[in-house]
Amino acid sequence: VNEILSGYGTTIFEVTSALALKHNSINLGQGFPDVDGPEEIRQIAADALMTGPNQYPPLMGLPELRQAVARHNKRFYDLDVDWQTEVMVTAGATEALCDCFMGLLNPGDEVVLIEPLYDSYLPIIRHIGAIPKLVRVEPPHWELPREELEKAFSDKTKLLVLNSPMNPSGKVFTKDELSFLAALVEKHDAYVVCDEVYEHLVFDDHQHHPLMTLPGMRDRCARIGSAGKTFSLTGWKIGYITASPHLMKAIAKAHQFVTFTVVPNLQKAIAAGLDFPDDYYRDFTAGMQAQRDLLATGLRDVGFNVLDSQGTYFLTVDFSPFGFDGDDAEFCRYITLKAGVTAVPTGAFYQEGGPRNFVRFCFCKQPSLLNEAIDRLRKFF
Ligand code: PMP
Ligand code: GLN
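- Under an unreviewed UniProt entry, the name given to the protein is Aminotransferase, and the source organism is Terasakiella brassicae.
- In its Sequence similarities (unreviewed entry) section, the UniProt record describing the protein reads: "Belongs to the class-I pyridoxal-phosphate-dependent aminotransferase family."

Shown next as structure tokens:
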């Protein structure tokens, strides 16, 4: 067995979902919507399953999906992208991340990452023999530690990994924060893997700016999107990368040996989805924001200290008002067993010594289910 990977347990998402199932608990842990995305997209996929294509699509992805990704980049971010050399389709953002790390890193390269972290980053980076340099943002304000970031970069830095909107914090990096990061990246001649799977889940007056749109960043960034998130079809595992040709060439080398290509009928359907009118995207964000507000109000009412969520599927809450004697993982187990509602411990997104009294609730659920979860918690606390 590989000594790096065997050091990791089962992911927290799988563990919490299994626990919720076992105890018949409302699962506000793992992030997935309880209503499938647009019927029109699913119908196109179903039709294409019968009529084809059903054989290997091209390595880079179906042309119609790559063209749609390029148009999406132009429509939302005014990025001019060549679909032939700068777009690639992957098996979800998870494969995209793996391809970027495998394609761009050598053993000994340093990678700057900002905790809290999505759990697939570090195992792959370590497996390659690259060296993670972690800095952290912390609740309640998730402020960027600028001095520590300056120290984390060195002449060995090859990559920065940036997740904005950020899971689980709900932080959407501001233009000023992005400019600060861009300056460091340029100064150290590094590249950036931009995990932007929540690009269309940004609330209130916040705005998502891909780092790629900042001066000097166009050719240094690999920007990753996920149809699972944008169209509420998380099980489909369709992701896409946008990157300049010299980066893409290296990243595609990894993809050709990892999966080579991705399910064609689903690609065809997502191509149609990306071209949906602005109304789709507006309604999607507005609906999710309303669910965020419903859950935030309810949890506040129950007695949690609810933090601001600027984007993503997630709300972070502080459970210290309850005087609970234990850490975040224990609290998650406790409310699953006692109240029948499941959350994810925020500390699981940190390597060690992370915050102990915060948990993450997922709000991409129907209002009736969110209300039921709030009722259960209210009865218990
Ligand atoms: N990055 C982040 C920050 C995520 O939250 C997720 C969601 N699971 C992923 C990547 C993976 O996305 P996908 O399901 O498209 O592989
Ligand atoms: N991204 C989702 C979350 O953070 C779940 C991903 C997964 O289950 N691997 O909950």
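Further notes follow.
**Considerations on the overall build of the protein**
- When helices and strands are counted, the protein shows 14 helices and 13 strands.
- Dimensions of the protein, computed from the C-alpha atoms along their principal axes, are close to 55 × 55 × 45 Å.
- A burial count over the protein gives 48% of its 381 residues as buried.
- A sequence separation of at least 24 residues applies to 73% of the contacts in the protein between residues at least 6 apart.

**Points about the sheet that holds strand β13 (residues 358-362)**
- Across the sheet, which stays open at both edges, the 4 strands sit in the order β9-β10-β13-β12 with antiparallel pairing between neighbours. Edge positions in the sheet fall to β9 (305-306) and β12 (344-345), since each has one partner strand and no second.
- The pairing of strand β10 (residues 314-318) with β13 spans 5 bridges and is classified as antiparallel. Its bridge partner being in β13, D318 is matched across the sheet by F358.

**What to know about the confidence of the model for the protein**
- Mean pLDDT over the protein works out to 98, with 100% of the residues at or above the 70 mark.
- Scored as a complex, the prediction yields pTM 0.98 and ipTM 0.97.

**Quick word on the site of ligand 1**
- Lining the immediate environment of ligand 1, one finds 13 residues, of which G92, A93, T94, Y118 and S226 sit closest.
- Ranked by residue count, the leading element in the shell around ligand 1 is helix α5 (residues 92-104), at 3 residues.
- Residues belonging to the shell around ligand 1 are distributed by class as follows: 3 nonpolar, 8 polar and 2 charged.

**A closer look at the site of ligand 2**
- In the region of ligand 2, the neighbouring residues are T11, F13, Q30, G31 and N167.
- Counted by class, the shell around ligand 2 contains 1 nonpolar, 4 polar and no charged residues.

**Here we look at the domain arrangement of the protein**
- Taken domain by domain, the protein consists of domain 1 (5-30 + 279-380) and domain 2 (39-276).
- When each unit is reduced to the centre of its C-alpha atoms, the spacing between domain 1 and domain 2 is 25 Å.
- Taken together, the contacts link 29 residues of domain 1 with 27 residues of domain 2.
- When contributions to the side of domain 1 that touches domain 2 are tallied by element, the ones reaching two or more residues are α12 (278-302), β10 and β13.
- Among the elements that line the side of domain 1 that touches domain 2, the one with the most residues is α12, at 7 residues.

**Regarding unusual backbone geometry**
- The omega torsion of the bond from S164 to P165 falls at -10 degrees, within 30 degrees of zero and hence cis.
- As for its placement among the helices and strands, P165 is situated in the loop between β5 (157-163) and α8 (175-187).
- Going from N167 to P168, the amide bond is cis rather than trans, its omega being 5 degrees.
- Relative to the assigned elements, P168 resides in the loop between β5 and α8.
- Of note, N24 is a non-glycine position whose phi angle comes to about 55 degrees, a positive value.

**Topic: the UniProt feature "domain: Aminotransferase class I/classII large" (unreviewed entry) in the protein**
- UniProt records the feature "domain: Aminotransferase class I/classII large" (unreviewed entry) at residues 25-377, using the numbering of this structure.
- In the segment residues 25-377, helix accounts for 42% and strand for 16%; the C-alpha atoms at its two ends are 11 Å apart.

**Considerations on the pairing of strand β7 (residues 221-226)**
- Among the 6 residues of β7, 6 are classified as buried, and the element is accordingly described as predominantly covered.
- Alternating positions in β7 separate into two faces, C221, R223 and G225 on one and A222, I224 and S226 on the other, with burial throughout.
- Judged from the 4 bridges that link them, strand β6 (residues 191-195) and β7 form a sheet pairing that is parallel. Residue V192 lies in a different strand from β7, and its bridge partner there is C221.

**Details of the sheet that holds β5**
- Spatially, 7 strands are ordered β2-β8-β7-β6-β5-β3-β4 in an open sheet, and the strand pairing comes out mixed. Each of the sheet's edge strands pairs with one partner strand only, and the pair in question is β2 (87-90) and β4 (131-136). Strand after strand, the sheet turns through a mean of 20 degrees between neighbouring axes, direction not considered.
- The strands that helix α3 (residues 63-77) touches are β2 and β8 (239-243); relative to β2, the one it contacts most, it runs at about 115 degrees.

Rules used in this analysis
- Residues numbered from 1 in each chain as written.
- Chains lettered and ligands numbered in written order.
- Predicted model: local features only at pLDDT ≥ 70, side-chain atom pairs only at ≥ 80, totals over all residues.
- UniProt positions renumbered as here; feature names shortened; annotations may be inferred.
- Helix = DSSP H or I, 4+ residues; strand = E, 2+ residues; numbered from the N terminus.
- Buried ≥ 20, exposed ≤ 12 C-beta atoms within 10 Å, placed from the backbone.
- Contact = placed C-beta atoms within 7 Å.
- Pairing = 2+ DSSP bridges.
- pLDDT = per-residue confidence, 0-100.
- Near = placed C-beta within 6 Å.
- Nonpolar A, V, L, I, M, F, W, Y, C, P; charged D, E, K, R; others polar.
- Domains from an automatic or database assignment.
- Axes fitted to C-alpha atoms, helices over the stretch in contact; angles between N-to-C directions.

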